[in-house]
Amino acid sequence: MEEVCLNSEPVFDMVDEYEGEGDCSAVEHDDETGSKHSKKEPPLPTIGLEFDSFDEAYDYYNIYAKEQGFGIRVSNLWFRTKKKERYRAKLSCSSAGFKKKSEANNPRPETRTGCPAMVVIRLVDSKRWRIVEVELEHNHQVSPQIKRFYKSHKKMILAARKAQPPAEPVTEIHTIKLYRTAAMDAVSNGFSNVSEREGIHQPDHSKHLELKEGDAYAVYNFFCRMKLTNPNFCYLMDFDDDSWLKNVFWADARSRAAYGYFSDTVAIDTTCLTSKYELPLISFVGVNHHGQSVLLGCGFLGHKSVEYFVWIFRAWLKCMLGHQPQVIVTDQCKPLQIAVSKVFPKARHCFCLWYIMQRVPEKLGGLRGFEEIKRQLNKAVYNSLKILEFETSWTEMIKKHGLGDNQRLQTLYEERKQWVPVYLKDTFFSGMIPIRENESLNAFFDGYVHKHTSFKEFVDKYDLALYRKHLKEATADVQSKNSSFELKTRCNFEVQLSKAYTKEIFDKFQSEVEGMYSCFNTRQVTANGPIVTYIVKERVEIEGNEKEVRSYEVLFETNQVDIRCICSLFNYKGYLCRHALNVLNYNGVEEVPSRYILRRWCKDFKFQHVDRGSTDIDVYSPVYRQSHFHNYAVPIVEGGAQSEEQYKIALHELQELLNKFNLVDDSLV
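Residues numbered from 1 in each chain as written. Predicted model: local features only at pLDDT ≥ 70, side-chain atom pairs only at ≥ 80, totals over all residues. Heavy atoms only, no water.

**Q** Would you mind showing me how to read the nonpolar core here?
**A** Formed by 55 residues in total, the largest nonpolar core has its most connected members in Tyr 501, Phe 509, Ile 563, Leu 576 and Val 592. Aside from chain neighbours lying at most four places away, what touches Phe 509 is Phe 493, Glu 494, Leu 497, Tyr 501, Tyr 575, Leu 576, Leu 581 and Val 592. Of all hydrophobic cores here, the second largest spans 36 residues; its members include Phe 249, Leu 273, Phe 313 and Cys 333. (Core = buried A, V, L, I, M, F, W, Y, C linked by side-chain atoms within 4.5 Å. Buried < 20%, exposed > 50% of the residue type's maximum accessible area, 1.4 Å probe, protein only. Contact = heavy atoms within 4.5 Å.)

**Q** Just to check I follow, could you spell out the sheet that holds strand E5 (residues 118-124) for this structure?
**A** Two modes of strand pairing occur in sheets, parallel and antiparallel, and in both the strands are linked by backbone hydrogen bonds. Ordered in space as E2-E6-E5-E4-E3, the 5 strands form an open sheet in which the pairing is antiparallel. The open sheet has two edge strands, strand E2 (50-51) and strand E3 (72-80), and neither has a second partner. In the packing of helix H1 (residues 54-68) onto the sheet, contacts are made with E2, E3, strand E4 (85-93), E5 and strand E6 (128-135), and the angle to E3 comes to roughly 160 degrees. (Pairing = 2+ DSSP bridges. Helix = DSSP H or I, 4+ residues; strand = E, 2+ residues; numbered from the N terminus. Axes fitted to C-alpha atoms, helices over the stretch in contact; angles between N-to-C directions.)

**Q** Would you mind going over the UniProt feature "domain: SWIM-type" (unreviewed entry) in the chain with me for this structure?
**A** The UniProt record annotates "domain: SWIM-type" (unreviewed entry) at residues 552-588. In this annotation, residues 552-588 is assigned 38% helix and 27% strand; the end-to-end C-alpha distance for the span is 20 Å. (UniProt positions renumbered as here; feature names shortened; annotations may be inferred.)

**Q** Would you mind going over the confidence of the model for the chain with me for this structure?
**A** Low pLDDT marks stretches whose predicted atomic positions should not be read closely. Taken over all residues, the pLDDT of the chain has a mean of 80, while the share at 70 or more is 76%. Every residue in residues 165-201 is under pLDDT 50, and counting partners more than four places away or in other chains gives 75 contacts. Counting contacts from residues 610-624, a segment whose pLDDT is below 50, to residues more than four positions away or on other chains yields 18 contacts. (pLDDT = per-residue confidence, 0-100.)

**Q** When you look at the environment of Leu 209 in this model, what are you seeing that I'm missing?
**A** Within the fold, Leu 209 resides in the loop between helix H4 (192-200) and helix H5 (215-229). Expressed as a C-alpha distance, the spacing of Leu 209 and Trp 244, which sit 35 residues apart in the sequence, is 8.5 Å.

**Q** What is the right way to look at unusual backbone geometry in this model?
**A** What you tend to see is this: most non-glycine residues have negative phi, and most peptide bonds are trans. Non-glycine residue Ser 430 carries a positive phi angle of around 50 degrees. Residue Ser 430 is classed as buried on the basis of its relative accessible area, which comes to 1%. The phi dihedral of Val 561 is positive, around 55 degrees, even though this residue is not glycine. Among the structural elements, Val 561 can be located in the loop between strand E16 (547-557) and strand E17 (562-565).

**Q** Before we go on, may I ask you to explain the packing of aromatic side chains in this structure?
**A** Two aromatic rings, taken as a pair, are described by how far apart their centres are and by the angle between their planes. Following the criterion strictly, the structure yields 41 aromatic pairs and no others. Plain terms: the ring middles of Phe 222 and Trp 250 are 5.5 Å apart, the flat faces sit at 75 degrees to each other, and that makes the pair edge-to-face. Taken as a pair, Phe 222 in helix H5 and Trp 250 in strand E8 (residues 245-251) lie far apart in primary sequence, 28 residues in all. An angle of 70 degrees between the planes, with centres 5.8 Å apart, marks the rings of Trp 250 and Tyr 462 as edge-to-face. Residue Trp 250 is found in strand E8, and its partner Tyr 462 is found in helix H15 (residues 455-482); the two are separated by 212 residues along the sequence. Given the relative accessible area of 0%, Trp 250 is considered buried. Three or more aromatic residues joined by ring pairs form one cluster here, namely Phe 222, Phe 223, Phe 233, Tyr 235, Trp 250, Phe 300, Phe 444, Phe 445, Phe 455, Phe 458 and Tyr 462. When the ring centre of Trp 78 is taken as reference, the NZ or CZ atom of Arg 88 above it lies at 5.5 Å. The ring centre of Trp 601 lies 4.6 Å from the NZ or CZ of Arg 600, which sits over that ring. (Phe/Tyr/Trp six-rings, centres within 6.5 Å; stacked < 30°, edge-to-face > 60°. Lys NZ or Arg CZ within 6 Å of the ring centre and 35° of its normal.)

**Q** What's the story with the pattern of salt bridges in this structure? I'm lost.
**A** Oppositely charged side chains are able to pair whenever their charged atoms sit close together. Tallied over the full model, the rule gives 24 salt bridges. A salt bridge links Glu 50 to Arg 128, with the nearest nitrogen and oxygen atoms 2.8 Å apart. Of this pair, Glu 50 sits in strand E2 while Arg 128 sits in strand E6, and the two are 78 residues apart along the sequence. On the accessibility criterion, Arg 128 (31% relative accessible area) is partly exposed. When the shortest N-O distance is used, the salt bridge between Lys 363 and Glu 362 registers 3.9 Å. A network of salt bridges, in which partner residues are shared, links Glu 50, Asp 52, Arg 128 and Arg 130. (Salt bridge = Lys/Arg side-chain N within 4 Å of Asp/Glu carboxyl O.)

**Q** Would you mind showing me how to read helix H13 (residues 387-401) here?
**A** One turn of the α-helix equals 3.6 residues, which is why residues spaced by three or four share an orientation. A rise of 1.5 Å per residue sets the reference length of H13, with its 15 residues, at 21 Å; its end C-alpha atoms lie 22 Å apart and thus fit the reference within 8%. Taken together, the buried positions of H13 are occupied by Phe 390, Glu 391, Ser 393, Trp 394, Met 397 and Ile 398. On its buried face, H13 sits against helix H12 (370-383) and helix H14 (407-414). The first or second residue beyond H13 is Gly 402, which carries a positive phi of 60 degrees. (Expected span 1.5 Å × (residues − 1).)

Spelled out as structure tokens, the structure:
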């Protein structure tokens, strides 16, 4: 199994690109005109040789390399930051340097030798490119007989293809094949080798991504566009031994930055796989400081198996620099469970309650007395405050309706500690999962993906979906910062949190403050040193307009002012419940203790957040530096867009910073 990792180019057969690495600041594309090169052997590279353009210099060295029998690549590019103009480049033998160690199960063999052969070209008089350094000697054998195997020569092969009569049009490609060897590149028709190989070894197409006409080009163009416009964009691809594409994963700059803020609880959305959509989409989703869903990466999964899930989880973790989430929420799926335990052994793995309850009519709808079974099931799941209550209600339901042999209910009961709220009270979910019967959950791409959405349609809508989500977040930022919230009570808790929380979170907390008035008869029942137990009664709505009185047990530690309610709303949602607020008020505590005001819900969270990262991250890695800088840059960009004054300040400071960079660049010339 192999993986291809950005930041290198997509390896689609039909496109040729310069291959940049090292200090390369941009990716340059070959001229697509397919211009013919002279068959006369080019002169040896010498210092002082000049060319009219960068492309001409590149083509010259590429032709020379082809005749000698080695490939080339752009190993370094230098830009003048202020003018955004490249002025220096290093063209190296394709065997220069060494690749980083791969974490793949079966890494490709090392082909680089640290070869010193290269030319350095520099822009002179802002018009011509001159060779200023040359090294002709290689530390490995070169041979013209193997020149067709180098990627840099691919353009000339493609030009030769264009001169041949066009092949019969292909109307539909069910499985895309990404050709990875130059031996395949050399064939006149990119698809001719497929049938030959299939005659020997028929691949299992059910375990590959199935793309229709136009999908391959759309996905390729999507990656190219994202890479050029999104500097911190990352993607990985997974191939089998025959180079068939199995899985794809990617995360854009905003997703990677968002993970730095909101990595506590992550939901892995596999709705498209479970519901058997044509698009095998898998999404990693978090919750931002407004309680809105935020994308943390996504991909296409070729097969719903442990091996494939493990690959895409590791790809996601690699793009997030190895920093694991604390809680992972998924669908109730056995391959998912095994894969999560392998890749995220320290994370608390839970099933999404909403997904499970949504499928109850489908799984149990045929049972006699289904409506009564559903009512009792909802009561056991949503209303149980103690484990004993749940166990009693569940047992009564099973006995009353004779469901002891129902396999679906048996499985749900066996896995109850991963999805029933009463077993998850010590887990912080940051509002990720609904815990009440009337709460619902929407997928991140809800409205953009349907049963028959194609790959092409999805990547076309991807930008629009993210733009609208980002706009919604930016609007909420402005409203939270500039709006004065309407107070509905005279409670000090409401005044205090109106200054800290974002608008959406404050609205939810405000409903708890108002709910204090539906609570009554707060009384102390036991005391064990500083720990005092209270009972708070509340009238709650049940079916229809009926109400019943429920008793909530609240523990209060008087020395440290710690408080915990049996309803555990703080762990589920991240703010105190009405019962805890009642006990605080009963004890004369006028403000919510700071430990119960989570920073992730505060309006200035992004501006104060410091990404501590993972302890095993290489802080000297360019990837880490780029990601770390981006986390700090996003709040500057978002803050600068909120007002004309802030925009001018941010723009001025950024221009000053660019001027300093330009001075450093000039000193290195």
